[in-house]
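Remarks on the overall topology
The residues making up each chain are set out below.
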Amino acid sequence: MGMGTSEVALQILSQGTLPHHICSSICLSSPYPTSPSIIQCKNKKSLGYASNHRIQHQRVVSFRNVSFNQPRFPICQCQRADNVGSISDGGNGAWFKSEGKTSQILGEVNGKNAIGFDEFQQLKLEQKVPTLSSDKLPEVGKVNHSSHRSSSTSLEDEAWRLLRESMVYYCGTPCGTIAANDPSDSNVLNYDQVFIRDFIPSGIAFLLKGEYDIVRNFILHTLQLQSWEKTMDCHSPGQGLMPASFKVRTIPLDGDESATEDVLDPDFGEAAIGRVAPVDSGLWWIILLRAYGKSSGDLSVQERVDVQTGIKMILRLCLADGFDMFPTLLVTDGSCMIDRRMGIHGHPLEIQALFYSALLCAREMLAAEDGSADLIRALNNRLVALSFHIREYYWVDMKKLNEIYRYKTEEYSYDAVNKFNIYPDQVSPWLVEWMPNKGGYLIGNLQPAHMDFRFFSLGNLWSVVSSLATRDQCHAILDLIEAKWSDLVAGMPLKICYPALEGQEWRIITGSDPKNTPWSYHNGGSWPTLLWQLSVACIKMNRPEIAERAVMEAEKRLSKDKWPEYYDTKRARFIGKQARLYQTWSIAGYLVAKLLLAKPESATILMNDEDTELVNAFYCMIDANPRRKRGRKKQSYIV
């Protein structure tokens, strides 16, 4: 392909119409254009003020394990400010807590309806879920078996109870779920915090259950914590960065021993292992924001000026110019779900899939206004270049492996076949034996002279969900999962990556990380939370039987093993040696999978359909003459 093919796509997209959205009429000037975030709270003492990364609300109850209906403990009532800050490019802005109504406590309001809803969902499950053929499922796992339905229902009840027990409260209202809630573990580390990536399956579960308040609160509270100021300090977060996690701390008020206040204390990576800032937090936040609007029908949240500004800040951070010449997002090692050194620095597939999905979601939600036109144009250009780059250069199957095997190296030209100077000897013997004749997948990473051939589950599954992969590639990914079931699923869904790093390779790449020993944790461990992404991908491709089979496999052990964070060994036979029990996203991932399989149409809140204009631009890029001379016009991205 030629170096300037992306300008063809840009010309096509610039002639089309931009998405039209209705923007709420709240664009008012703020009396505090450069002040830190301000929150107004009714309390027995005074107003509460918040600094840039430390948000304070005044109230007199602790955030968890407290009976909130005690009359002597007044509930904080947060009000929307009269004016909402208008933020200019690169400027600072004021954040205001929205809505003057007191949020209801989910434990009291929804508890009465929970049983009826579960019975209704179970009735639908019995009526809608088909019986799978015996050649695809073990004989013990027929979906319509009465004993299995009974045990599945009790398992779901247990999961919902555990999920509700993990809820965190802020000013009397739920705002998230902690990472793990094991009462027998005294060394909690940071597992008592609310992680943005960990809350996503919890939030989706609540949305599918019709409990919207906790998700809305989470979205707005994390927006408060977003970094809004440009900084030059290398130890401070850049503008637009979302925190990895936050903790609700209850501290006594100065001068009044009988009262306390809640403080949101975010972590942008300053306290994380390796001090790595999260790249995926902002991307997941955009995806959850869209899911909230599509599920609840409440578009007022995404139309708010402060939310629109938060979306734009994340996009500008991701679309910023740099030294990188690829349309993929350049990130450091350990900046996503694999939060330790695992050799995924550069352009890991997981981040590219989330990036693509977030771009599509943001384009759908951005209000059509003069200030958004340039951003949407750059966004469209990036979408086309990114989809072409991933589909063309990250894809491997038997046909592509044969091409790589015969690559010529040291090619210098604009139309070189081996553009990244990949050496054929890099194709590992395990891959030659492992690759099935039917099926393929997107590799984990691509850099000059290096292809990471490992299979990364989340990146491949989300490439299906987001339509980053073509339809044929999506089916091929699911074909590969079926063909390599004993490797990728084995005794517990689903391997986070395959194969594991072993021997000298493990020592060099992980730094001899004792937690990432082969077939453990992020180095080939099995993660039950991946069930929900697998379910969305299978439903989208109309192959739910694959996810049903995986869920049934997980149901045999999850409750008995106390809902662990991950499993060890090739066959996932052991609970992870350092795995937390009662891990919230293992619980929520199972619940989301069950809810989606019972009601497949609800999965649309997470899916991205392929855009017609993007498809046309993509094929124009393929048909472009690779030998044409480069024009003088500056190209935005090189594919």
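Summary of the structure given here. (Residues numbered from 1 in each chain as written. Predicted model: local features only at pLDDT ≥ 70, side-chain atom pairs only at ≥ 80, totals over all residues. Heavy atoms only, no water.)

1. Notes on the pairing of strand 11 (residues 450–456)
Condition: When accessible area is computed with a 1.4 Å probe and restricted to protein chains, residues below 20% of their type maximum are described as buried, those above 50% as exposed, and intermediate ones as partly exposed. Think of it this way: any DSSP run of H or I at least four residues long counts as a helix, any run of E at least two long counts as a strand, and we number them from the N terminus. For two strands to pair, DSSP has to find at least two bridges joining them.
Most of strand 11 sits inside the fold, with six of its seven residues counted as buried. Pairing geometry for strand 10 (residues 441–447) and strand 11, over four bridges, is antiparallel. Among the inter-strand pairings, asparagine 445 is bridged to a residue of strand 11, identified as aspartate 452. What sits between strand 10 and strand 11 in their antiparallel hairpin is a turn of two residues, with alanine 449 showing a positive phi close to 65 degrees.

2. Details of the pattern of salt bridges
Put simply, the test is: Here a salt bridge means any side-chain nitrogen of Lys or Arg lying within 4 Å of a carboxyl oxygen belonging to Asp or Glu.
Summed over the entire model, instances satisfying the criterion amount to 18 salt bridges. In this structure, the salt-bridge partner of glutamate 165 is arginine 161, at a minimum N-O distance of 3.3 Å. Remark: arginine 161 and glutamate 165 occur in helix 4 (residues 146–165); sequence separation between them is four residues, near one turn of the helix. The partly exposed category is assigned to arginine 161, whose relative accessible area is 43%. Between aspartate 513 and arginine 340 there is a salt bridge, with its nearest N and O atoms 2.9 Å apart. Residue aspartate 513 is located in the loop between helix 17 (503–510) and helix 18 (531–540), and its partner arginine 340 is located in the loop between helix 9 (305–318) and helix 10 (349–365); the two are separated by 173 residues in the primary sequence. Given the relative accessible area of 16%, arginine 340 is considered buried. Members of the salt-bridge network, linked through shared partners, are Asp479, Glu482 and Arg543.

3. Concerning the packing of helix 18 against helix 20 (residues 584–598)
Geometrically, a packed helix pair is captured by the angle between its two axes and the distance between the axes. Quick note on the threshold: Only the stretch in contact is used when fitting a helix axis, every axis being a line fitted to C-alpha atoms; angles between N-to-C directions are given from 0 to 180 degrees. By the definition adopted for this analysis, an angle is roughly parallel if under 35 degrees, roughly antiparallel if over 145, roughly perpendicular if from 65 to 115, and oblique otherwise. Any two residues having at least one pair of non-hydrogen atoms within 4.5 Å are treated as being in contact. Lys, Arg, Asp and Glu make up the charged group, whereas Ala, Val, Leu, Ile, Met, Phe, Trp, Tyr, Cys and Pro make up the nonpolar group; the residues left over, Gly among them, are polar.
Running from N to C, helix 18 and helix 20 cross one another at 20 degrees; their axes reach a closest spacing of 7 Å. Considering their axes alone, helix 18 and helix 20 lie roughly parallel with respect to each other. Along its contact with helix 18, which presents Leu531, Trp532, Ser535, Val536 and Ile539, the element helix 20 presents Gly589, Val592, Ala593, Leu596 and Leu597. Looking at side-chain class alone, the contact of helix 18 with helix 20 contains eight nonpolar, two polar and no charged residues.

4. Digging into the pairing of strand 7 (residues 245–253)
As defined by bridge partners, strand 6 (residues 194–195) adjoins strand 7 across two bridges and the pair is classed as antiparallel. Paired with phenylalanine 195 across the two strands is serine 245, which belongs to strand 7. Bridge analysis of strand 7 against strand 8 (residues 256–267) gives nine bridges, and the strand direction is antiparallel. Bridge pairing in strand 8 links valine 248 to leucine 264. Count of turn residues in the strand 7/strand 8 antiparallel hairpin: two residues, of which glycine 255 carries a positive phi of about 85 degrees.

5. Structural notes on the nonpolar core
Rules: Residues belong to one nonpolar core when they are buried, are Ala, Val, Leu, Ile, Met, Phe, Trp, Tyr or Cys, and are joined through side-chain atoms within 4.5 Å.
By size, the foremost hydrophobic cluster in this structure holds 166 residues, and its most contacted members are Trp285, Ile311, Tyr441 and Phe453. With twelve residues, helix 10 is the single largest residue contributor to this core.

6. Observations concerning helix 9
Residues that lie three or four places apart on an α-helix share one face, since the helix turns once every 3.6 residues. Under the convention used in this document: Expected span of a helix, by definition, is 1.5 Å for each gap between consecutive residues, and there is one gap fewer than residues.
Given a rise of 1.5 Å per residue, 14 residues ought to cover 20 Å, and the 20 Å separating the end C-alpha atoms of helix 9 matches this to within 8%. Among the 14 residues that make up helix 9, twelve are buried, leaving the element largely enclosed by the rest of the structure. Among all positions of helix 9, only Val305, Asp306, Val307, Gln308, Thr309, Gly310, Ile311, Lys312, Met313, Ile314, Leu315 and Cys318 are buried. In this structure, the buried residues of helix 9 make contact with helix 6 (213–225), helix 7 (280–296), helix 8 (300–303), helix 10 and helix 11 (373–393).

7. Looking at the sheet that holds strand 12 (residues 497–498)
An order of 9-10-11-12 is seen for the four strands of this open sheet, with the pairing classed as antiparallel. For this open sheet the edge positions go to strand 9 (395–396) and strand 12, each flanked by a neighbour on one side alone. In the packing of helix 11 onto the sheet, contacts are made with strand 9, strand 10 and strand 11, and the angle to strand 10 comes to roughly 105 degrees.

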